[in-house]
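Take a look at the letters that make up each chain.
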Amino acid sequence: GQCGSCLQGCLANVKAGKGLGCIVNPEVGNESHIERPADQERHVVVVGGGPAGLTAAIVTRRRGHRVTLLERDELGGQFALAPLAPGKAAMARPLNSLVRLACLSGADIRTGVEATTEMVESLEPDVVVLATGADPLTIPAYGLDGALTADDVLTQTADTGSSVLIVGGGLVGIEVAEFLAERGKHVTVIELLGDIARDMDTITRKLTLKRLEKFPIEILTDTVLHSVDGCRALVRGPGDERALGPFDSVVVAVGTRSNHDLAVPLMAKGLAVHVVGDAAELEQIMGATRSAWEVACKI
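Now for a quick tour of the structure. (Residues numbered from 1 in each chain as written. Predicted model: local features only at pLDDT ≥ 70, side-chain atom pairs only at ≥ 80, totals over all residues. Heavy atoms only, no water.)

A few words on the packing of aromatic side chains. Following the criterion strictly, the structure yields zero aromatic pairs and no others. Stacked on the ring of Phe179, the Lys or Arg Arg183 has its end atom at 3.6 Å from the ring centre. (Phe/Tyr/Trp six-rings, centres within 6.5 Å; stacked < 30°, edge-to-face > 60°. Lys NZ or Arg CZ within 6 Å of the ring centre and 35° of its normal.)

This is the structure:
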């Protein structure tokens, strides 16, 4: 996969004492591990076309297996949002290279397909690799029925209006805040914890916070959303409860939950199932591709 200048696997990992790595080339740092041809060709069905699913398809094909990949939308998964975020345009290179490698691998790639237990079983797989990623979390606050997600904002599929409340000040929430502020929106971010962007690596966080200084974004930490009533939000901060707004829209970016819903019903059918990527454990892209590579090397 091509470099996206993210510095996560190389510089950030080395500075943290973890050794060299790469977000889309999981063999980097594991050169002593040789990808050997499979002893016997198997039919591997990969469910999910994000970074983990693409990696699983590429590596299992490289080892000589027959591969069918099912993806309900377009290839790329959540990784397709990365080049849309501020300062991350270069991430289109690793994204496009992963997709290209998968398409050139000889795998049978089927997009626009919602995988079900019955469908997967009908393909008669020897092994199933479940790479179904993660779904956005919601929060138990009244009035959030019409709330937007980060996907809605970054893909510009929804009209946010000119004044936006973002619930969640982690990596995703802060990227959305900068994205909107660049477009002249009035943005308020509330974060439950005492600091923002805690889940960014050190280098990216430093660069992001520096860029945020030029925008009039209001950031409220140690603050929790109680409810949304019309265009106003009731929040609880340090020692007080107050109303914020008015807002034209609310974006919820409080994290994700692993989606491995198909694992149990597939195993109940007697199928061998491996869960990889965010479907197994919530990590950033390097963890997703690494877990898929490790599984693919053993099939």
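This part is about the sheet that holds strand β11 (residues 240-244). The strand order across the open sheet formed by three strands is β9-β10-β11, and the pairing between neighbours is antiparallel. Because the sheet does not close on itself, it has two edges, and the strands there are β9 (224-229) and β11. Adjacent strand axes in the sheet meet at a mean angle of 20° when their direction is disregarded. By the bridge criterion, five bridges tie strand β10 (residues 232-237) to β11 in an arrangement that is antiparallel. If you follow Arg236 over to β11, its bridge partner there is Glu241. (Pairing = 2+ DSSP bridges. Helix = DSSP H or I, 4+ residues; strand = E, 2+ residues; numbered from the N terminus. Axes fitted to C-alpha atoms, helices over the stretch in contact; angles between N-to-C directions.)

Glancing now at the environment of Ala107. Take Ala107: it is sitting in the loop between α3 (92-104) and β3 (108-111). Its relative accessible area of 12% is what places Ala107 among the buried residues. Sequence-wise, Ala107 and Arg66 are 41 residues apart; in three dimensions their C-alpha atoms are separated by 6.9 Å. Discounting chain neighbours no more than four positions away, the residues touching Ala107 are Arg61, Val67 and Ala102. (Buried < 20%, exposed > 50% of the residue type's maximum accessible area, 1.4 Å probe, protein only. Contact = heavy atoms within 4.5 Å.)

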